[in-house]
Amino acid sequence: MPTINHVIYRKTDRLVAGIVSGRNSEDDTTKALAVEIQNVLNSELQGKESDYAHAPFSGAIPEGKILEISRDNTVEFADDGVHIAREAARLSGLIKLQRLGLTTDEIAAMIGG
């Protein structure tokens, strides 16, 4: 059975403010959520407890994705713009190296792959 985690977000703009990993019991998870919400309130985000909510999600955040809160206040995983930009730069570099005449093995040896 996958672990149920919780993301804490600000209601006004759905800004992700914290994540709490599921605990062994529902009571322990509730306590951890209360502590994390207090940490958020003590951070630069501040506000009141009623300014924030939390939503559950199962498992881990997939690689290359970021966690977002949808308009209906559910957890979604969106493409990470940094990951996409890094992958685009990597592919561009590989193409340029191939155009210079390097083989796939030579390129792999250079980048440690």
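**Student:** Honestly, the sheet that holds strand β1 (residues 4-10) in this entry has me stumped. Any pointers?
**Tutor:** Strands in a sheet are paired, the pairing made by backbone hydrogen bonds, and the direction either parallel or antiparallel. Overall, antiparallel pairing links the 3 strands, which are arranged β2-β1-β3 in an open sheet. Because the sheet does not close on itself, it has two edges, and the strands there are β2 (16-20) and β3 (52-58). Sheet twist, expressed as the average angle between the axes of neighbouring strands with direction ignored, equals 25°. For β1 and β2, the ladder comprises 4 bridges, and the chain directions are antiparallel. Its bridge partner lying in β2, Ile-8 is registered against Gly-18.

**Student:** Help me out: how do you make sense of the pairing of strand β5 (residues 75-79) in this one?
**Tutor:** A regular strand places its side chains on the two faces of the sheet in alternate fashion. Judged from the 5 bridges that link them, strand β4 (residues 65-69) and β5 form a sheet pairing that is antiparallel. Of the residues in β5, the one forming a bridge with Ile-69 is Val-75. From the end of β4 to the start of β5, which pair antiparallel, there are 5 residues, and Asn-73 there has a positive phi angle of about 60°.

**Student:** What am I meant to see in the pattern of salt bridges here?
**Tutor:** Any two side chains of opposite charge can pair, given that their charged atoms come close. All chains considered together, the criterion is met by 3 salt bridges. When the shortest N-O distance is used, the salt bridge between Asp-27 and Lys-31 registers 3.4 Å. Residue Asp-27 and its partner Lys-31 are located together in helix α1 (residues 26-42), separated by 4 residues, close to a single helical turn. Here Asp-27 falls in the partly exposed class, since its relative accessible area comes to 46%.

**Student:** Please explain the side chain of Thr-29 as it appears in this structure.
**Tutor:** Turning to its location among the elements, Thr-29 is positioned in helix α1. Looking at Thr-29, the relative accessible area reads 9%, which means it is buried. Excluding residues that lie within four positions of it along the chain, Thr-29 makes contacts with His-6, Gly-22 and Arg-23.

**Student:** Quick question: what am I supposed to make of the environment of Leu-100 here?
**Tutor:** Topologically, Leu-100 is positioned in the loop between α2 (81-99) and α3 (104-111). Leu-100 sits in the exposed class, given a relative accessible area of 68%. The sequence separation of Leu-100 and Gly-81 amounts to 19 residues, and the corresponding C-alpha distance is 29 Å.

**Student:** What am I meant to see in α1 here?
**Tutor:** For an α-helix, 3.6 residues make a turn, and residues three or four places apart therefore share a direction. Over its 17 residues, α1 extends 24 Å from the first C-alpha to the last, a length consistent with the 24 Å expected when each residue adds 1.5 Å. Within α1, the full set of buried residues consists of Thr-29, Ala-32, Leu-33, Ile-37, Val-40 and Leu-41.

**Student:** Before we go on, may I ask you to explain the packing of aromatic side chains in this structure?
**Tutor:** By convention here, two paired aromatic rings are described through the distance between centres and the angle between planes. Using the criterion set out here, one finds 1 aromatic pair in the structure. Ring geometry for Phe-57 against Phe-77: centres 6.1 Å apart, planes inclined by 75°, an arrangement best described as edge-to-face. With Phe-57 in strand β3 and Phe-77 in strand β5, the pair connects residues that are 20 residues apart, well separated along the chain. Here Phe-57 falls in the buried class, since its relative accessible area comes to 7%. Note on Phe-77: relative accessible area 32%, which makes it partly exposed.

Analysis parameters
Position numbers for residues start from 1 in each chain and track the written sequence from start to end. Where totals are concerned, whole chains, interfaces and linings use all residues; where local detail is concerned, this predicted model gives features only for residues with pLDDT of at least 70, and gives and counts side-chain atom pairs only at 80 or more. As a rule here, side-chain values cover all heavy atoms of the structure and leave hydrogens and water aside. Should DSSP find at least two bridges between two strands, the strands are regarded as paired. Helix and strand definitions here come from DSSP, where helices need a minimum of 4 consecutive H or I residues and strands a minimum of 2 consecutive E residues; each element is numbered from the N-terminal end. A fitted line through C-alpha atoms serves as each axis, taken over the contacting stretch for helices, and the angle formed by two N-to-C directions is quoted from 0 to 180°. By convention in these notes, a salt bridge is any Lys or Arg side-chain nitrogen within 4 Å of a carboxyl oxygen on Asp or Glu. Each residue is assigned to one of three classes by its accessible area relative to the maximum for its type, calculated with a 1.4 Å probe on protein chains only: buried under 20%, partly exposed between the two thresholds, exposed over 50%. Every residue pair with non-hydrogen atoms within 4.5 Å of one another is taken to be in contact. Here a helix's expected span is defined as the number of its residues, less one, multiplied by 1.5 Å. Stacked, edge-to-face and tilted are the three classes for Phe, Tyr and Trp ring pairs, Trp counted by its six-membered ring, which pair at centre distances within 6.5 Å; planes under 30 degrees apart are stacked, over 60 edge-to-face, the rest tilted.

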